[in-house]
Amino acid sequence: MADAPLMVVDGAGVVTGWSRAAERRFGPATADALGLRVMDVLAGDTRRSGGDGEAPGGLRLEPLAGAGWAVWAADGTRGTGTRGSGGHDEAVGAALLDVMFSQARVRVHVLDPDLRLLRISAPTSADTHRAGNLRGKLFRDVCAFEEPERVEAFVREVLRTGVPGVDRPFRAARGDVPGGRRTLALTAFRLQEGSGARPGGEGAVLGVSVSVVDISEQVRRLRRDAALDAVRDAVGRTLDVDTTCRDLVEALVPDYADVGVVEVVDAVLRGETPDPGPLGLEVPLRRAAYDGIGQAAHPVGDVRTVAPGTPYHRALSDLRIRVLSLDDAPWADADSARAGSLRRIGAHTLLVAPLTVHGAVLGLVSLYRCGDSEPFTEADVPVVSAMASRVALGIDNARRYVHEYTIASALQRRLLPQSTAPQPAVETDHLLLPGGDAGHWFDTIALSGARTGLVIGEVSERGIHAATTMGQLRTVVHALAALDLEPDELLARLYDTAARLAEERAQLPQSDPLNQEPLAATCAYAVYDPFTETCTVASAGHPAPLVVEPDGAAYVVGLPVGPPLGTADRAPVAAVSLQLKEGSLVVLHSNALRGHAQPTSGALRQALLPTDRPMGELCDAVARALPDDSELRGAALLLARTHAMPEDRYAAWELPYDRSAPATARRLTSKTLADWHLEGDTGDATELIVSELVTNAVRYGSPPVELRLILDRGLTCEIRDGSTTAPYMKYAGAVDEGGRGLFIISQLASLWGTRYAPEGKTVWSEQAIPGGET
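Residues numbered from 1 in each chain as written. Predicted model: local features only at pLDDT ≥ 70, side-chain atom pairs only at ≥ 80, totals over all residues. Heavy atoms only, no water.

A. Broad picture of the overall build of the protein chain. Tallying secondary structure elements over the protein chain gives 20 helices and 30 strands in all. Pairs at least 24 residues apart make up 63% of the contacts formed inside the protein chain by residues separated by at least 6 positions. For the protein chain, the exposed surface amounts to about 35800 Å²; the carbon and sulfur share of it is 52%. (Helix = DSSP H or I, 4+ residues; strand = E, 2+ residues; numbered from the N terminus. Contact = heavy atoms within 4.5 Å. Areas by Shrake-Rupley, 256 points an atom, 1.4 Å probe, with all protein chains shown as cover.)

B. Structural context of the packing of aromatic side chains. Taken as a whole, this structure holds seven aromatic pairs when the rule is applied. Judged by centre distance (5.7 Å) and plane angle (55°), the rings of Y256 and F376 are tilted. A residue pair is termed long-range when its members are at least 10 positions apart, and Y256 in the loop between helix 9 (241-252) and strand 10 (259-265) and F376 in the loop between strand 15 (360-370) and helix 13 (380-415) qualify at 120 residues. With respect to class, Y256 is no different from F376; both count as buried. (Phe/Tyr/Trp six-rings, centres within 6.5 Å; stacked < 30°, edge-to-face > 60°. Buried < 20%, exposed > 50% of the residue type's maximum accessible area, 1.4 Å probe, protein only.)

C. Geometry of the packing of helix 9 against helix 13. Where helix 9 meets helix 13, the axes come as close as 8 Å, and the angle between the chain directions of the two elements is 160°. By the angle class used here, helix 9 and helix 13 are roughly antiparallel. The crossing of helix 9 and helix 13 is right-handed. Seen from helix 9, the contacting residues are V241, T244, C245, L248 and L252; seen from helix 13, they are M387, V391, G394, I395, A398 and R399. Among the residues forming the contact of helix 9 with helix 13, the class breakdown is eight nonpolar, two polar and one charged. (Axes fitted to C-alpha atoms, helices over the stretch in contact; angles between N-to-C directions. Parallel < 35°, antiparallel > 145°, perpendicular 65-115°, else oblique. Left-handed = near helix turned anticlockwise from the far one by under 90°. Nonpolar A, V, L, I, M, F, W, Y, C, P; charged D, E, K, R; others polar.)

D. Representation of the sheet that holds strand 26 (residues 650-655) in the model. Read across the sheet, five strands follow the order 26-27-28-30-29 without closing on themselves; strand pairing throughout is antiparallel. The open sheet is flanked by strand 26 and strand 29 (751-757), the only strands paired with a single partner. With direction set aside, neighbouring strand axes in the sheet form an average angle of 15°. Where strand 29 lies against strand 30 (residues 760-767), seven bridges are found, and the strand directions are antiparallel. Bridge assignment links L751 to a residue of strand 30, and that residue is E766. (Pairing = 2+ DSSP bridges.)

E. Broad picture of the environment of W72. With respect to the element layout, W72 can be found in strand 4 (residues 69-73). Exposure remark for W72: the relative accessible area of 14% places this residue in the buried category. Between the C-alpha atoms of W72 and A22, which are 50 residues apart in sequence, the distance is 9.7 Å.

F. Main features of empty space enclosed by the protein. For the structure shown, the criterion picks out four cavities of 30 Å³ or more. Put simply, the largest cavity is a space of about 80 Å³. What lines the largest cavity is simply V259, V261, R287, Y290, Q295, A296, A297, R338, S341, L342, I345 and Y368. Counting only elements with at least two residues in the lining of the largest cavity, the list comes to strand 10, strand 11 (285-292) and helix 12 (336-345). At four residues, helix 12 tops the list of elements feeding residues into the lining of the largest cavity. Looking at the lining of the largest cavity residue by residue, the class counts come to eight nonpolar, two polar and two charged. (1 Å grid on protein atoms, 1.4 Å probe; cavity = no way out; pocket = protein on both sides within 12 Å on 5 of 7 lines; lining within 4 Å. Points joined across faces, edges and corners; volume = space filled by probe spheres on them.)

G. Structural detail: the pattern of salt bridges. Going through the model one piece at a time under the given rule, you end up with 29 salt bridges. Note that R320 and D318 form a salt bridge whose closest N and O atoms lie 3.5 Å from each other. Take R320: its relative accessible area is 46%, and that puts it in the partly exposed class. The exposure class assigned to D318 is partly exposed, which follows from its relative accessible area of 34%. Where D484 meets R451, a salt bridge forms, and the shortest distance between an N and an O atom there is 2.8 Å. One end of the pair, D484, is in the loop between helix 14 (463-481) and helix 15 (487-506); the other, R451, is in the loop between strand 17 (440-446) and strand 18 (452-459), and 33 residues separate them in sequence. An identical accessibility class is assigned to D484 and R451; each is buried. Sharing partners across several salt bridges, the network here consists of E217, R220, R224 and E374. (Salt bridge = Lys/Arg side-chain N within 4 Å of Asp/Glu carboxyl O.)

H. Inspection of the side chain of T762 at higher detail. Among the structural elements, T762 can be located in strand 30. The buried category is assigned to T762, whose relative accessible area is 9%. Residues contacting T762, with those up to four places away along its chain left out, are E718, I719, R720, G753, T754 and R755.

I. The nonpolar core, seen in detail. With 62 residues, the main nonpolar core has V262, V264, Y312, L355, L367, Y368 and I395 as its most contacted residues. When residues of this core are assigned to their parent elements, the largest contribution, nine residues, is made by helix 13. If sequence neighbours within four positions are ignored, V264 has contacts with V241, C245, L269, P284, L285, R286, A288, L362, G363 and I395. Core analysis: the next-biggest nonpolar cluster, separate from the first, contains 50 residues, I445, L480, L638 and A640 among them. (Core = buried A, V, L, I, M, F, W, Y, C linked by side-chain atoms within 4.5 Å.)

J. Layout of the sheet that holds strand 8 (residues 181-192). Strand order in the open sheet formed by five strands is 6-5-9-8-7, with antiparallel pairing between adjacent strands. The open sheet is flanked by strand 6 (117-120) and strand 7 (165-173), the only strands paired with a single partner. Taking each pair of neighbouring strands and ignoring which way they run, the sheet shows an average axis angle of 30°. Helix 7 (residues 148-161) rests against strand 5 (107-111), strand 7, strand 8 and strand 9 (205-214) of the sheet, and its axis sits at about 20° to strand 8. Helix 8 (residues 216-234) rests against strand 8 and strand 9 of the sheet, and its axis sits at about 125° to strand 8.

K. Layout of a nonpolar patch on the surface. Among the surface-exposed residues, I407, L411 and I464 lie close enough to one another that they form a single nonpolar patch of about 200 Å² accessible area. Following the sequence through the fold, I407 ends up in helix 13. (Patch = residues over 30% accessible without salt bridge, like charges linked within 9 Å, V, L, I, M, F, W, Y side chains within 5 Å.)

L. How the structure looks around the packing of helix 8 against helix 9. Helix 9 packs onto helix 8 with a crossing angle of 150° between their chain directions and a minimal axis gap of 9 Å. One way to sum up the angle between helix 8 and helix 9 is to call them roughly antiparallel. At the point where helix 8 passes helix 9, the crossing takes the right-handed sense. Contacts between helix 8 and helix 9 involve A227, A230, V231 and A234 from the first element and D247, L248, A251 and L252 from the second. Residue composition of the contact of helix 8 with helix 9, by class: seven nonpolar, no polar and one charged.

M. A look at unusual backbone geometry. Residues V253 and P254 are joined by a peptide bond in cis, for which omega reads 5°. Within the secondary structure, P254 sits in the loop between helix 9 and strand 10. Even without a glycine there, the phi angle at A450 is positive, about 60°. With a phi angle near 55°, E533 is a residue other than glycine that sits in the positive phi range. Examined against the element boundaries, E533 turns out to sit in the loop between strand 19 (521-529) and strand 20 (534-540).

See the structure below:
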């Protein structure tokens, strides 16, 4: 036998492969032979009977994997000589036809113009007997096609046009497997009088030849591969357990399975680490996804344990995939609800696969085929195993994200203010939209002189790192705010802190993920003074606040926004002061809400009208007005309504710049405290504090000297003078007559400090009021 075939012919009888032996035997070169019809080539065969003293050369056909034929020289020798006669051509054609009908593994049907069977290949004696019984029947009835009209239309089209139809798939029933189907590939070409006739030629049409190849297993393999590709494309795109499970069943139903169910260990959905298998009977599963025909036995979201003795329990016990026929289900009584549902939808096969990662059980996938669908077989097990591994990995990644998100969210909640102390001149409330971002933060800080600091910030990172950075920056802002710094001065020092934090990151090992992630954050800081009704704002990369006045007019503060925190090229930050009307709303918001904070058409302004409603009601209105957008999840909003300081909560006087000032201050203080019902120990301590503060102002300061008492969250005493000389606490010696003023104040007051202004300084002290605010 020759080492290689003479030529290769496709299902339509066209030459697609050509050898040197074929050139010597048939004549044409390779470039000329490719694309010829095989019958035209056989007409030029040089191996003929009696020619050049050689014996006649035969041909042998063998089908190739897929579609096509290999043509071999039967004697294995090279042919030589000249071309043969027409009689020899007819003999070769007859020999070829005989080979096709007696040796080929492909079933060939020869039909007359009415599509009745004339001849059928019958390699065995049993097939020969069957072929005799089928002769004369319509082709559409021979193979029991599911859609005989489509098959007949296909063959008639070939018969009419002469254009071959190659490898056209059709479905045929297979009675020996319940619910099974066969897929047959049909290749048809027209038979015309004259071996060289081509489509459109003049030869009389004799009929049509149809070869039938069973490609059922190939189709099943392609179906399994397509299902696996669909799962790989669909699953793992999100970090949500429920979405991952839904993506799986939507990828498999209805193309691969008629019903798909995914059940997940309930603790996994909360981000908890799963226990290693096998899974105990007491561990509950939650139905995370369902898709398919009929109504589920249990709704999505239902939490229940698996019944013992069922295939679901066995799969969770030995962690093996199993294929089961449901025609006889001895476990039906153990799980009657599920068994009844399967009977109603006509399920006949179950394929159940545990979801495991590193030996830990995450859940269970159950696939069903119903009605006349092909049953699952053991050939489906490797494919479903790969699917289950993909889904389990996606669920585990989502679980890890949920676990980290839960920790980050809890940390963020602990870092945010738990409650806001009421203040007489400012009403505040906040809105934190639910979502997966732990980097948004806000604060309301009580400052000296009944002033209020409003802070909002945002860290660009996610998860625990974002919450950690947020906590660091928030702590620094609190510490700097206690120093009575102006907003621009505070942010200047916050830039320095962020630069040091970024430098520490750069010094981490290269293997640390935080080393490669730059620190980027924004912050806006505002201070409201109820005595002047002014708000001073500065921003480090954060959007400017929105102001909504009581009459509905709104504007965005014209604020020069500085670069974000953590940037290398830092520019000085400028603060802006604005006068606010009584009852104005100051809205500080995250960057994600910038588009909704337009002064004319933004959702925030519309939701905040009218502005005199309770603060909680205003925040609820904003939450309802904002769209359900993933970009807004985790965004924060800090809302403040400003008022002037109530006149009955403070008293202010200008004192003489002489030795009589302390006595005058004590007398005014005593009368005011009596009006506020703060006599006794509190009154005595306050008079002493005021006396020491005024004495220092007259002795070391410059005029004018002013005294202000404020009844706010505590009792505040303020002395302002025109000097910017900083006072400091001195520990006087045992024989010293002076130098104990600030030391005495520090012992009597809860807090004390100094703040500066262009026109001088203010030294203040704050005392706690026994029994709370009066």
